[in-house]
Amino acid sequence: MQVINPATEEVVASVEATSLDETDAAIGRAAKAFTSWRALAPGDRARLLRRFAGLVDQHVDELAGLEVRNSGHTIGNARWEAGNVRDVLDYYAGAPERLTGRQIPVPGGLDVTFHEPLGVVGVIVPWNFPMPIAGWGFAPALAAGNAVVLKPAELTPLTAIRLGELALEAGIPEGVFTVLPGKGSVVGQRFVTHPAVRKVCFTGSTEVGKQIMAGCADQVKRVTLELGGKSANLVFADADLEAAAAAAPGGVFDNAGQDCCARSRILVQSSVYERFLELLEPAVREFRVADPADESAQMGPLISARQRDGVAAYVDGAEVAFRGSCPDGRGFWYPPTVLAARSTADRAWREEIFGPVVSVLAFSDEAEAVAMANDTEYGLSGSIWTRDVSRAIRVARGVEAGNLSVNSHSSVRYWTPFGGMKQSGLGRELGPDALASFTDVKNVFISTTP
Ligand code: NAP
Ligand code: MG
């Protein structure tokens, strides 16, 4: 597999794709390694994870540089992403000694529960956030005592491969965490069908996510799904419009819009619609699309020519309100683009574009805003801009999405839960509860009858 720098179209590296036989062999080794990993004293497992976090910390710049070249992420974002892997590892390194069960009062004996690890967990990662999404799967899975096999996206395997090396260097035993670059249809599919893989943690398209869920049903295999989104950015007339307009480009164009949380539908109350667009236009034009290695870049290229062509197809025939600029020449560039939607039936309004394109529409009142926000099969994130606290709470409770922010576009903190409602996903990652999804509860009754 040739790895391409999306900013230059140059070949960065070439990576051997794991075959089906090699995948089976790796899963076999993981199943074996699981036995001793789960038996390790909790404090020792914690120490190894902390060492792994420490090594990631020492390699933040190297990992970030790799991501800039492989994925076209801006250097600022890439550093955050590598730091996020470190933080997630550190956070879940606190878990092994705290994975406590319960003691439940029963007559005639003692009843206790255990959070048992599942076995081998298969993590399937997309190309849009190769490092964080990998870490959100492998860190809690390992902390709970599972072995992990991880398949990065074909387009972006480099940082995952490096993280696998760092894990070994940290002393995590061979077979406990294995990175298997390769095809989704080969390696990823095998995670679904191999009986020793007891859970699949998948992030990617809703289409493939549904196939994974259906495939896992055959063995009642556990799944976590983080899928697509079409999130709403609701701007009420009583909002700080300057702040809302200044933040809107970052809320959708960050990572070139290749973000499942991208606020790709802006809904503005009709009384301030014109004013908001006047404020938004300069913010979009000033959004700096440049060589992602440049410290001042706010956005880099798209991941591939295919992705860029797919994004452009949504804009063909749509009404462009205004747009920013981007470098020309080699690289998969596309300018930040704002579409004036004609109606909620527009394809660009309804479908996940996964690129730097946002559609804008007006709403009349709060009830219509919530109804429009919910008029989608997705439910991942969303933002609410208002100065009225009661309205903020009402609307946040009304919008059917897993991650909402008020007067901000922030969705992700490693210590708070993240995940989707409706067809945006199943289960939650990060935060205090993610650990439970990598375990099964076992109940044990011990008779005290003499
Ligand atoms: P995708 O096909 O869902 O890929 C995600 C991951 O699943 C990749 O590692 C992929 O491997 C693997 N995969 C593909 N087919 C599989 C199968 N049958 N069994 C097991 N694993 C499989 O996503 P994509 O094609 O890269 O992107 C398509 C669209 O999905 C995007 O344009 C975007 O709309 C959406 N998307 C959403 C997210 C998100 O975070 N929610 C992330 C990425 C994409 P390969 O690398 O071999 O394909
Ligand atoms: Mg695909």
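Reading the values: the criteria
Residues numbered from 1 in each chain as written. Chains lettered and ligands numbered in written order. Predicted model: local features only at pLDDT ≥ 70, side-chain atom pairs only at ≥ 80, totals over all residues. Heavy atoms only, no water. Helix = DSSP H or I, 4+ residues; strand = E, 2+ residues; numbered from the N terminus. Rg over C-alpha atoms; globule rule 2.2 N^0.38 Å. Buried < 20%, exposed > 50% of the residue type's maximum accessible area, 1.4 Å probe, protein only. Pairing = 2+ DSSP bridges. Axes fitted to C-alpha atoms, helices over the stretch in contact; angles between N-to-C directions. Salt bridge = Lys/Arg side-chain N within 4 Å of Asp/Glu carboxyl O. Near = heavy atom within 4 Å. Polar contact = N/O pair within 3.5 Å; in protein donor to acceptor, adjacent residues only side chain to side chain. Areas by Shrake-Rupley, 256 points an atom, 1.4 Å probe, with all protein chains shown as cover. 1 Å grid on protein atoms, 1.4 Å probe; cavity = no way out; pocket = protein on both sides within 12 Å on 5 of 7 lines; lining within 4 Å. Sits in = over half its atoms within 2 Å of the grid points. Nonpolar A, V, L, I, M, F, W, Y, C, P; charged D, E, K, R; others polar. Domains from an automatic or database assignment. Contact = heavy atoms within 4.5 Å.

Participant: Can you walk me through the overall build of the protein chain in this structure?
Facilitator: Secondary structure assignment for the protein chain yields 14 helices and 18 strands. Its C-alpha atoms give the protein chain a radius of gyration of 23 Å, near enough to 22 Å, the size a compact globule of 450 residues would have. Dimensions of the protein chain, computed from the C-alpha atoms along their principal axes, are close to 80 × 55 × 40 Å. Looking at the protein chain as a whole, 56% of its 450 residues qualify as buried.

Participant: Any chance you could explain the sheet that holds strand β11 (residues 265-269) here in plain terms?
Facilitator: Remark on secondary structure: sheet strands pair via backbone hydrogen bonds, oriented parallel or antiparallel. The 7 strands lie next to each other as β12-β13-β14-β11-β10-β15-β16, forming an open sheet whose pairing is mixed. With one partner strand each, in any of the chains shown, β12 (320-323) and β16 (403-406) form the two edges of the open sheet. In this sheet, adjacent strand axes meet at a mean angle of 20° when their direction is disregarded. Two elements, β12 and strand β13 (residues 337-340), share 3 bridges in a ladder whose sense is antiparallel. Its bridge partner being in β13, F322 is matched across the sheet by V338.

Participant: Hey, could you run me through the pattern of salt bridges in this one?
Facilitator: Pairing of side chains with opposite charge becomes possible as their charged atoms draw close. Taken as a whole, this structure holds 24 salt bridges when the rule is applied. We note a salt bridge from E351 to R347, for which the minimum N-O separation is 3.1 Å. What you see here is one network of salt bridges that share partners, running through D238, E366, R391 and R394.

Participant: Would you mind going over the site of ligand 1 with me for this structure?
Facilitator: W127, E154, G184, S205 and L227 are the nearest of the 28 residues found near ligand 1. Within the contact set of ligand 1, an oxygen atom lies 2.6 Å away from a side-chain nitrogen or oxygen of W127. In the complex, the protein chains occlude 83% of the 860 Å² of accessible area that ligand 1 would expose alone. Using a 2 Å cut-off from the grid points, one finds that ligand 1 occupies the largest pocket. Those elements giving two or more residues to the shell around ligand 1 turn out to be α7 (184-193), β8 (197-203) and α8 (206-217). Residues of the shell around ligand 1, tallied by class, amount to 12 nonpolar, 11 polar and 5 charged. Residue contributions to the shell around ligand 1 reach at least three from each of two domains, namely domain 1 (2-227 + 420-447) and domain 2 (232-406).

Participant: Help me understand the sheet that holds strand β9 (residues 222-226) in this model?
Facilitator: Reading across from one edge, β7-β6-β5-β8-β9-β17 is the order of the 6 strands in this open sheet, with mixed pairing throughout. Both outer strands of the open sheet, β7 (177-179) and β17 (425-426), are each paired with one neighbouring strand and no more. Alignment of strand β5 (residues 120-124) against strand β6 (residues 147-151), held across 5 bridges, turns out to be parallel. When the sheet's bridge partners are listed, I124 is paired in β6 with K151. On top of the sheet, helix α5 (residues 130-143) reaches β5, β6, β7 and β8; it is set at about 165° to β6, its chief contact.

Participant: Any chance you could explain the side chain of E67 here in plain terms?
Facilitator: Looking at the element boundaries, E67 is found in helix α3 (residues 60-71). For E67, the side chain forms a polar contact with the side chain of S71, separated by 2.6 Å. Once residues within four sequence positions are removed from consideration, E67 is found in contact with G72, H73, A78, E81, P130, M131 and T159.

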